[in-house]
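The primary structure of each chain is shown beneath.
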Amino acid sequence: MKLLLVDDDAALRNALRRGLTAEGFAVEIAENGPDGLWRGREGGYDLILLDIMLPGANGYRVCADLRRSGVRTPILMLTAKDGDLDEAEALDTGADDYLRKPFSFPVLVARIHALLRRASLGDPPPLQVGDLRLDLRAGRALRGRTELVLTAREFELLTFLVRRVGRVLSKQEILGGVWEDGYEGDVNVVEVYVGRLRRKLGTSTGSPAIETIRGMGYRLVAG
């Protein structure tokens with residue numbers, strides 16, 4: 001299981017990383033809000049431990065931005081703030097659980113396992129941008145009531161773009177996220193697949209569109 005720990009307290013970060021690694025988790029670190037947001041959006045984590053008081057952007061903002069981006073990774077907020085309103089705000093922004101500092105390490109580990117069990121029981125929620133809806137379990141893409149006929153690779157690419165809606169993604173980023181590790185073919189395969197997706201998405205009002213950002217890559221925008 002891979003965890004992302006976002007906290008600006010170096011001593012706490014190091015202690016938690018050592019303890020969680022001993023529990024069998026792989027732990028990656030972010031020291032501020034913007035870095036935590038970027039790493040969280042990249043995906044691949046089973047759970048995010050997110051402090052509230054962070055430089056650059058607080059945990060509330062990071063959590064809300066992750067949820068708006070379609071990230072559904074379980075988030076456990078950690079904070080030294082003590083108050084019902086703080087806990088309510090954490091949950092309202094999309095956190096799955098809330099733990100006040102100082103906390104005991106066994107309680108933290110128990111909360112992590114509880115969230116991971118909960119996440120494993122449910123189906124992944126659908127992703128939606130405009131009138132486009134992706135059913136991740138069934139591998140279906142619907143625009144309004146019309147199902148798009150996509151190959152497996154096209155569906156993976158569309159899912160990758162939807163999870164990062166509004167972000168400019170280079171061809172190399174897309175290759176790394178959608179194609180197998182160590183792909184050594186022509187990077188322009190991305191251009192080919194983007195062209196196919198554009199034709200299948202169409203230009204209807206309310207449909208998302210894939211923009212070309214010259215010299216940089218591609219960006220999915222809401223319709």
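One can find the structure itself at the top, above this paragraph.
Just so it is clear, the structure is predicted and the values come from calculations on it, not from any experiment.

Here we come to the pairing of strand β11 (residues 217-221). Alignment of strand β10 (residues 209-213) against β11, held across five bridges, turns out to be antiparallel. In the sheet register, Ile-210 faces β11, and the bridge partner there is Leu-220. In this structure, the hairpin formed by β10 and β11 is closed by a connection of three residues, where Gly-215 is found at a positive phi of approximately 80°.

Turning to the pattern of salt bridges, a few remarks are in order. Taken as a whole and assessed by the stated rule, the structure comprises 17 salt bridges. With a shortest N-O distance of 3.9 Å, Asp-65 and Arg-61 are connected by a salt bridge. With Asp-65 and Arg-61 both in helix α3 (residues 59-68), this residue pair falls four residues apart, about one helical turn. Look at Asp-65 and you get buried, because its relative accessible area is 13%. The salt bridge involving Arg-219 is made with Glu-211; its shortest N-O contact spans 2.9 Å. Here the salt bridges do not stand alone but share partners, grouping Lys-2, Glu-28, Asp-35 and Arg-39 into one network.

Running from N to C, helix α6 (residues 152-163) and helix α8 (residues 189-201) point in directions that differ by 85°, and their axes come no closer than 10 Å. What the angle tells us is that α6 and α8 run roughly perpendicular. Of α8, the residues touching α6 (which contributes Arg-153, Glu-154, Leu-157, Leu-158 and Leu-161) are Tyr-193, Val-194, Arg-196, Leu-197, Lys-200 and Leu-201. Of the residues in the contact of α6 with α8, the class split is seven nonpolar, no polar and four charged.

Our next topic: the sheet that holds strand β5 (residues 97-100). In space, the five strands of this open sheet follow the order β2-β1-β3-β4-β5, with parallel pairing throughout. If you trace the sheet from one side to the other, it starts and ends with β2 (26-30) and β5, each paired once. Averaged over all neighbouring strand pairs, the angle between strand axes comes to 20°, with direction disregarded. Sheet topology places strand β3 (residues 47-51) next to strand β4 (residues 75-79); four bridges connect them, and they run parallel. Pairing of Leu-50 across the sheet is with Met-77, part of β4. Contacts from helix α1 (residues 10-22) reach β1 (2-6), β2, β3 and β4 within the one sheet, and its direction differs from that of β2 by about 165°.

By the element assignment, Arg-143 lies in strand β8 (residues 140-143). Within the buried core, Arg-143 has no salt-bridge partner, and the shortest N-O distance to an opposite charge, that of Asp-131, equals 4.6 Å. Side-chain polar atoms of Arg-143 contact the backbone oxygen of Lys-200, separated by 3.1 Å. In this structure Arg-143 touches Asp-131, Leu-132, Leu-148, Lys-200, Leu-201, Gly-202, Ser-204 and Ser-207, once residues within four positions along its chain are discounted.

Analysis parameters
- Residues numbered from 1 in each chain as written.
- Predicted model: local features only at pLDDT ≥ 70, side-chain atom pairs only at ≥ 80, totals over all residues.
- Heavy atoms only, no water.
- Pairing = 2+ DSSP bridges.
- Helix = DSSP H or I, 4+ residues; strand = E, 2+ residues; numbered from the N terminus.
- Salt bridge = Lys/Arg side-chain N within 4 Å of Asp/Glu carboxyl O.
- Buried < 20%, exposed > 50% of the residue type's maximum accessible area, 1.4 Å probe, protein only.
- Axes fitted to C-alpha atoms, helices over the stretch in contact; angles between N-to-C directions.
- Parallel < 35°, antiparallel > 145°, perpendicular 65-115°, else oblique.
- Contact = heavy atoms within 4.5 Å.
- Nonpolar A, V, L, I, M, F, W, Y, C, P; charged D, E, K, R; others polar.
- Lys, Arg positive; Asp, Glu negative; His and termini not counted.
- Polar contact = N/O pair within 3.5 Å; in protein donor to acceptor, adjacent residues only side chain to side chain.

The values reported here are purely geometric and, on their own, carry no functional implication.
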